[in-house]
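For reference, the chains in residue letters:
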Number of protein chains: 2
Amino acid sequence: MRIGEPTGFAAYNPPVRELDLLNHIYSRNAGLPSRVTIPPGDDMGAITIGGASVLVTVDQVADGVHFDLATTPLAKVARKAVTRNLSDVAAMGAVPVAAVVAGCLPRGFGEAKANALFDAMRAVAMSYDCPLIGGDISMWDHPLLLTVTVLAETAGVEPVLRRGAKVGDNICVTGTLGGSMETLDDPPDYVHHLDFEPRLNVARKLAGDAMLRPHCMLDLSDGLGKDLPRLCAAASKPEPRPAGRGPSVGVELWIDRLPISRGAHRAAQRDGRPPWQHALGDGEDYELCFTIPREIADRFPTVIEGVPVTQIGRIVAADDDAAITLRMPDGSVQPMGEYGWEHHD
Amino acid sequence: MRIGEPTGFAAYNPPVRELDLLNHIYSRNAGLPSRVTIPPGDDMGAITIGGASVLVTVDQVADGVHFDLATTPLAKVARKAVTRNLSDVAAMGAVPVAAVVAGCLPRGFGEAKANALFDAMRAVAMSYDCPLIGGDISMWDHPLLLTVTVLAETAGVEPVLRRGAKVGDNICVTGTLGGSMETLDDPPDYVHHLDFEPRLNVARKLAGDAMLRPHCMLDLSDGLGKDLPRLCAAASKPEPRPAGRGPSVGVELWIDRLPISRGAHRAAQRDGRPPWQHALGDGEDYELCFTIPREIADRFPTVIEGVPVTQIGRIVAADDDAAITLRMPDGSVQPMGEYGWEHHD
């Protein structure tokens, strides 16, 4: 999870806990110098350096948590370590420019494998025009952990924040959701959480086009079930310099509109749970989630830069911070909070 | 160790291995875009963003490697996680501006301790005008690992690189060396590797003063014994865009001039080895090491910004890359390579 963000279900239920947490965060962000233009709590932070806006994000991938070294090719480990960060860059509508990598390697990992791993990260990063410009290597007697930091630039497009959802907005997602751990046959050995494509191009198009620009955006790292409450909480935040709380917002999620991935269908076949629960709870989708004004919803494109875009619900007024309700296919409405899906994080 | 740097003794002996490694590094750096103004292999990398030069460094501290969580107060763990990076900023003569933190916490670490740890890192960073602007938290069943990335700006002073040592230069260090793991009484419970002061002010004075500006600089993280070969190797490097190799340089180190720390004396009392071996091999000094033209050596200050500066040797021509010789107090000269000090890294 990002530093400065509420911790999903656990945090928004009971709501008072989330407010405590947010207040704690604001009290710390309030002391930040004015050159910090995006404080902790968004997909990237930003600071002004020499008149330029510099965005930065950090993410770690650990053996046994985010990948299984015993069964995952090094090239895929390297890819995920880099692309997780690029998904954060996409979430801001920014452009990646450079990366640094820290690797803590199990003793005995071997120089050849270490070189292969770092060369692979270098190659993945370069393929996104995001050269590796530094790093650090340590050894220890524990599993492999890779930490990647990516710097990004705005390149003339104001970053899209998590904050900004408005009552009446429609909620959109790119791609399909759920089943990110499933191995598919087509393309061969495709496993979404390792092979996903960070949505940089879609995000850039959205952020830079006045007709399309979302009110707010984040990337789905822990699944809609955890990330939608974050989007709502951000919308309810005061300005970075506290000036009273904004209106509390919630989400009405349209279950029959969710774009279900093939992986989610496969997972559902195995465990007998409905595919939509996988779409909400599996996590590691690395798709964009954003809101758009209701007025443009009818003419909003269903495909952007070759990627499907689906409207899956709307922002509603809510008494509690971040109340998510599910509109089921039979028309009934129920709170999401009843579902406590387990997922890796 | 930094990505892109030779690995000390192991690498420079035999020398051919270091040349292989350096060539491998150059071949990779050669493909970097021109906006990368400092490629991997220095204390920080640098890239141009929106016309501004942005420097970045990453370092990790792991329980059992860089600190012992069982015996170290969280505040000291937090301090070291941040100041290790600030020492890299000092090594460039740059000014820190922002940090991001990734923490991989042992399951069961507890929310209160986690908050205390991150609040402490935030406070340390802010005390150096380097606000925390983002981060990532994961949990796993292994020891605590913290990875800190720091961004820095040049603020009108060209960064001082590792590369640039010239035959005839004198070699200087700040502070005193060795015994960084020893616990001292004055100040109470001072342990250098946890409590050191990153030499930001001294470095800034050196880099920004035309009369004092070093030819090259790095910070001593692994001890003179490992870091001097790196300084020599960097001096022998071609330009970032390969244009033939420069002259190979070595070091004549004046053993009786080494500024021996109280910690080194204490360690020597315990293990019976001479204090100067501790000064060379213990590591984690986080002092600056830099070279200055011979012509200004006689009038070079012995104290800068309240910190002692000592001339400890000179750069000499060398047949092999990075040959270090020791001029002993009795006038004899011997190669450093015979000593194979063990130290934590």
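Bear in mind the structure is a predicted one, so any value in this text is a computation, not a measurement. Residue indices follow the written sequence of each chain, beginning from 1 at its first position. The naming scheme follows written order: chains are lettered A onward, ligands numbered 1 onward. Owing to the predicted nature of the model, reporting of local features is limited to residues with pLDDT of at least 70; listing and counting of side-chain atom pairs is limited to 80 or more, with chain, interface and lining totals taken over all residues.

Caption draft 1: Representation of the overall build of chain A within the structure. Put simply, DSSP marks the helices as runs of H or I at least four residues long and the strands as runs of E at least two long, and each gets a number from the N terminus on. Within chain A, the regular secondary structure consists of nine helices and 16 strands. The 345 residues of chain A split such that 54% are buried. In chain A, of all internal contacts separated by at least 6 residues, the share reaching a separation of at least 24 is 78%. The burial criterion counts other C-beta atoms lying within 10 Å of a residue's C-beta, which is placed from the backbone; the residue is buried at 20 or more, exposed at 12 or fewer, and partly exposed between these limits. For every residue pair, C-beta atoms are placed from the backbone, and the pair is scored as a contact if these atoms sit within 7 Å.

Caption draft 2: Spatial organisation of the relation of the copies chain A and chain B. Superposition of the copies used a least-squares fit over C-alpha atoms from residues whose pLDDT is at least 70 in both. Superposing chain A onto chain B takes a rotation of 180° plus a shift of 0.0 Å along the axis, which leaves an RMSD of 0.0 Å. A rotation of that kind, with that shift, is consistent with a two-fold axis. Here 100% of the contact residues of chain A are again contact residues in chain B; the copies associate through an equivalent surface.

Caption draft 3: Fine view of the domain arrangement of chain A. Residues and elements named next belong to chain A. Segment limits for the domains were obtained from an automatic or database-derived domain assignment. The domain boundaries assigned to chain A delineate domain 1 (43–160) and domain 2 (161–345). Placing the centre of domain 1 and that of domain 2 at their C-alpha centroids yields a distance of 24 Å. Domain 1 puts 17 residues into the contact, and the matching count from domain 2 is 20 residues. Here the residues of the side of domain 1 that touches domain 2 sort into eight nonpolar, four polar and five charged. Three classes are used: nonpolar for Ala, Val, Leu, Ile, Met, Phe, Trp, Tyr, Cys and Pro, charged for Asp, Glu, Lys and Arg, and polar for all others, with Gly counted as polar.

Caption draft 4: Representation of the pairing of strand β15 (residues 324–327) of chain A. Residues and elements named next belong to chain A. Judged by which residues are buried, β15 turns out to be one-sided: I324 and L326 face inward and are buried, whereas T325 and R327, on the alternate face, are not. A pair of strands is labelled paired if DSSP reports no fewer than 2 bridges between them. In terms of strand pairing, strand β11 (residues 249–254) meets β15 through four bridges, oriented parallel. Within the sheet, the bridge partner assigned to V251 lies in β15 and is I324. Note that β15 and strand β16 (residues 333–335) share three bridges and pair antiparallel. From the neighbouring strand, L326 faces β16, where its bridge partner is Q334.

Caption draft 5: The interface of chain A and chain B, seen in detail. Listed by partner, the interface residues are 50 residues for chain A and 50 residues for chain B. Those elements that place two or more of their residues in the side of chain A that touches chain B are β2 (45–49), β3 (52–62), β4 (95–106), α4 (111–127), β5 (132–140) and β6 (145–153) of chain A. Counting residues per element, the side of chain A that touches chain B draws most heavily on β3(A), which supplies nine residues. Across the side of chain A that touches chain B, the residue classes tally to 31 nonpolar, 13 polar and six charged.

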